[in-house]
Amino acid sequence: MNKIFEAKDINLAGINSSLLEVNIGPQHPSTHGVFRMNAVLDGEVIVSLKPVMGYLHRNHEQIAENMSYAASMPYTDRLDYFNSMSNNLGYALSVEKLAGLEVPERAEYIRVIMAELTRLINHIAVIGFLLNDLGAFFTPVLYAFREREKILDIFEEISGSRMMCNYLRFGGVKRDLSPAILERIRGVVTAFPRFLEEFETLLTKNEILCMRCQNVGVLSPELAVNASITGPLLRASGVNYDIRKVDGYSVYPRFQFKVPLGPKGDVYDRYYVRILEMRESLKILDQALSTIPAGEIMSKKMIPFLKSPRNFKPPVGEAYARVEAPKGELGFYVVSDGTPQPWRYHVRAPSFINLTILEDMCLGQKVADAIIILGSVDIVLGEVDR
Amino acid sequence: MALAPNTSQVDDGLKNELAKKGIVVTTMNQLYNWGRRSSIWPMQFGLACCAIEMIATACARYDIARFGAELFRPSPRQADLMIVAGTVTKKMAPQVVRLYNQMAEPKYVITMGACSIAGGPFIDGYNVLRGIDRYIPVDVHLPGCPPRPEALLYGLMELQKKIDGQQIETAEWYQQGLKREYPIPEFGPHGLIPKFNPEVWQPRENDLRKERYGQPIMIGKKSKAPNLDVVAVAAAPRPAAPAPTPPPTPGIA
């Protein structure tokens, strides 16, 4: 943040002052990865801010177009590496739509449970990092990661990996959940509200948090809709749009949950909407765990392709499926030409599109506020640059 | 790795006798290395997925502070260790080398994860560097995708063993007038220029990848786009067929 490389002289109402260009990133503790911002400052106020992306462009789409459909499932884990299960779900849904596959009911329930667990992971980690940006160095992250580890233990037990789960398959899931694991998930779900209350006691009415976050980085609902912002960022601005409700994919229509909305659309609302969303996720988890049916976990049509995924050839056509990932609308667009490899594979990454609005939110704010606004947008560079 | 040789002339019996009185006889090397190994400050520098596991290592459950390496410094000037955690792309590689050059001696590098070792799963990507060891010397390679936090701790312990084996008299970072800086690659029309730094890395004569895994499966260039219009017509709901005329009810007409 302290690299000053150019200063332009301007004359403002007879006072000689100069704009200052500041380069933040790509190696900077608050940019959440290798993101770079070119900020132009007038004193401490941001006059212009240009995001520079591409430092983590690792050719996800090109690689996926050169391999079989099932082989790019593990690559979707690495898109948004906080919540691999949601990414798997989006990709699985799009290929299932393309090939016209039915998913057994138990598998749908397992998918919903996993997607909601990842939402918990993502939101606690985001709030922890947001407070890191606010200056509470690392302590909230310690609380957040303590809870995250408990959920990661479950993921490790069912999929064999902590972060990169690669658990979903087209037409189902890889392994069944044993009653013991379901009991452990239930244990996490019942213990989680206590943690949330502890977290909220420390933060929600904290004076410093309120003063730093309220009325900072306000995003109007009109602008949010026009810029196709999705996820908690949109709902914090008061727009009632949740793809779990709108699209009703998987078995979400069967569960009772509310969509929390924010009144203003500032950083505080985004923080609080995430807290409320976690509570709603817990409600969904509670219902899913109590009503999960017994039965198959894999579509019969897809069982032969588990051993030989290269023989899986969806018919010619295109499909776009979207899920409400913790960061927003995550969509996968797949075009098949009848061969084992997709002809076109595109990812609609929520954090990339949410990032386009960054300059509008930061204009007129202080530099220190730009950092927390970026933190509240919740980006993951693996998904932004793909 | 062996410890730095104990060159003190004091015999063991006397040493033990002195130790009972609270006097420790050691060598300068061992004392110096003990200090360095117990306070490795890593750089707070995450590139991709592995950075999250790096943060998890620093958190309460794995607690890298037990090894004296909990102080993540955002500035390369204050760091001893660079953990290259994640995929190094061709756009990012010059910055990584620049950060390495900015670190103060003695400096160490751990490559965390398959990506920074050799490209990992993204090795076929056009924008992915096949290993950061092409430009900077690496002390510990840590495989995994991503490596577990325990693996990072193990890598740190391996680095501590390496530090234990170094001697002030011979270590290159202790020589006078040393300036260990490596040329920063530039982004050219076909990737990075130069492709590697011959000082630290040489390409192998035989292609190990081909030797171990056979010829890569070439899909061949697809040139014909699928005709989606035909499919769309086939899939579209057909114009409603005229409703089957009900059989004439006998008796009325």
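Residues numbered from 1 in each chain as written. Chains lettered and ligands numbered in written order. Predicted model: local features only at pLDDT ≥ 70, side-chain atom pairs only at ≥ 80, totals over all residues. Heavy atoms only, no water.

A.B. asks: A description of unusual backbone geometry should follow, citing residues and the corresponding values.
C.D. replies: Each neighbour pair has its own omega, and for Glu-105 of chain B with Pro-106 of chain B the value is -10°, a cis peptide bond. Checked against the element boundaries, Pro-106 of chain B lands in the loop between α4 (93-102) and β2 (108-112). Non-glycine residue Asn-59 of chain A carries a positive phi angle of around 60°. Looking at the element boundaries, Asn-59 of chain A is found in the loop between β4 (45-52) and α1 (60-64). (Helix = DSSP H or I, 4+ residues; strand = E, 2+ residues; numbered from the N terminus.)

A.B. asks: Would you mind going over the interface of chain B and chain A in detail, with residue names and values included?
C.D. replies: For an interface, size is often stated in terms of accessible area lost upon the parts coming together. Every contact between the two is made by 45 residues of chain B and, on the other side, 44 residues of chain A. Between chain B and chain A, the buried area comes to about 3,900 Å², and carbon and sulfur atoms account for 65% of it. Viewed at the interface, chain A and chain B are joined by 4 salt bridges. With its nearest N and O atoms 2.8 Å apart, the salt bridge here joins Arg-61 of chain B to Asp-153 of chain A. At the junction of chain B and chain A, the tally comes to 16 residue pairs in polar contact (both at pLDDT 80 or more). Mapped onto the side of chain B that touches chain A, the elements with two or more residues apiece are α3 (49-58), α4 and α8 (228-235) of chain B. If one sorts the elements of the side of chain B that touches chain A by residue count, α3 of chain B sits on top with 6 residues. Grouping the amino acids of the side of chain B that touches chain A by side-chain chemistry returns 29 nonpolar, 9 polar and 7 charged. (Contact = heavy atoms within 4.5 Å. Buried area = accessible area lost by both parts, 1.4 Å probe. Salt bridge = Lys/Arg side-chain N within 4 Å of Asp/Glu carboxyl O. Polar contact = N/O pair within 3.5 Å; in protein donor to acceptor, adjacent residues only side chain to side chain. Nonpolar A, V, L, I, M, F, W, Y, C, P; charged D, E, K, R; others polar.)

A.B. asks: Which residues make up the environment of Ala-85 of chain B, and what are the values?
C.D. replies: Examined against the element boundaries, Ala-85 of chain B turns out to sit in strand β1 (residues 81-85). Setting aside residues no more than four positions away along its own chain, Ala-85 of chain B makes contact with Gly-46, Leu-47, Ala-48, Cys-50, Ala-51, Met-54 and Met-112 of chain B.

A.B. asks: An account of the nonpolar core is requested, with residue identities and associated values reported.
C.D. replies: Generally speaking, a soluble globular protein has its nonpolar side chains buried in company with each other. In this structure, Met-114, Phe-145, Tyr-167, Phe-170, Ile-185 and Leu-358 of chain A together with Met-82 of chain B are the most contacted members of the largest nonpolar core, which totals 180 residues. It is helix α4 (residues 105-134) of chain A that provides the largest number of residues to this core, a total of 16 residues. Those residues in contact with Met-114 of chain A that sit more than four places away from it in its chain are Met-85, Phe-155, Ile-158, Tyr-167, Leu-177 and Ile-185 of chain A. Of all hydrophobic cores here, the second largest spans 6 residues; its members include Ile-63 of chain A together with Cys-115, Phe-122 and Val-128 of chain B. (Core = buried A, V, L, I, M, F, W, Y, C linked by side-chain atoms within 4.5 Å. Buried < 20%, exposed > 50% of the residue type's maximum accessible area, 1.4 Å probe, protein only.)

A.B. asks: Any details on empty space enclosed by the protein? Residues and values, ideally.
C.D. replies: Residue and element names in this part refer to chain B. For the structure shown, the criterion picks out 3 cavities of 30 Å³ or more. Within this model, the largest cavity holds a volume of roughly 50 Å³. Cys-49, Cys-50, Thr-87, Cys-115 and Cys-145 are the residues nearest the centre of the largest cavity, which is lined by 13 residues in total. Taken together, the residues of the lining of the largest cavity break down into 7 nonpolar, 4 polar and 2 charged. (1 Å grid on protein atoms, 1.4 Å probe; cavity = no way out; pocket = protein on both sides within 12 Å on 5 of 7 lines; lining within 4 Å. Points joined across faces, edges and corners; volume = space filled by probe spheres on them.)

A.B. asks: Explain the layout of surface pockets to me, and be specific about the residues and the numbers.
C.D. replies: A water-sized probe rolled over the atoms picks out the places where empty space is left. If you add up the space inside the second largest pocket, you get close to 970 Å³. Listed by contribution, the elements that provide at least two residues to the lining of the second largest pocket are α4 and α15 (367-377) of chain A together with α3 of chain B. Partitioning the lining of the second largest pocket into residue classes produces 27 nonpolar, 11 polar and 6 charged.

A.B. asks: Outline the sheet that holds β1 of chain B, listing residues and values.
C.D. replies: All names here are of chain B. Spatial strand order, β1-β2-β3: 3 strands in an open sheet with parallel pairing. Of all the strands in the sheet, just β1 and β3 (140-142) have a single pairing partner and so form its edges. Direction aside, the axes of adjacent strands within the sheet are offset by 15° on average. The pairing of β2 with β3 spans 3 bridges and is classified as parallel. Note that in β3 the partner of Thr-111 across the bridge is His-141. (Pairing = 2+ DSSP bridges. Axes fitted to C-alpha atoms, helices over the stretch in contact; angles between N-to-C directions.)

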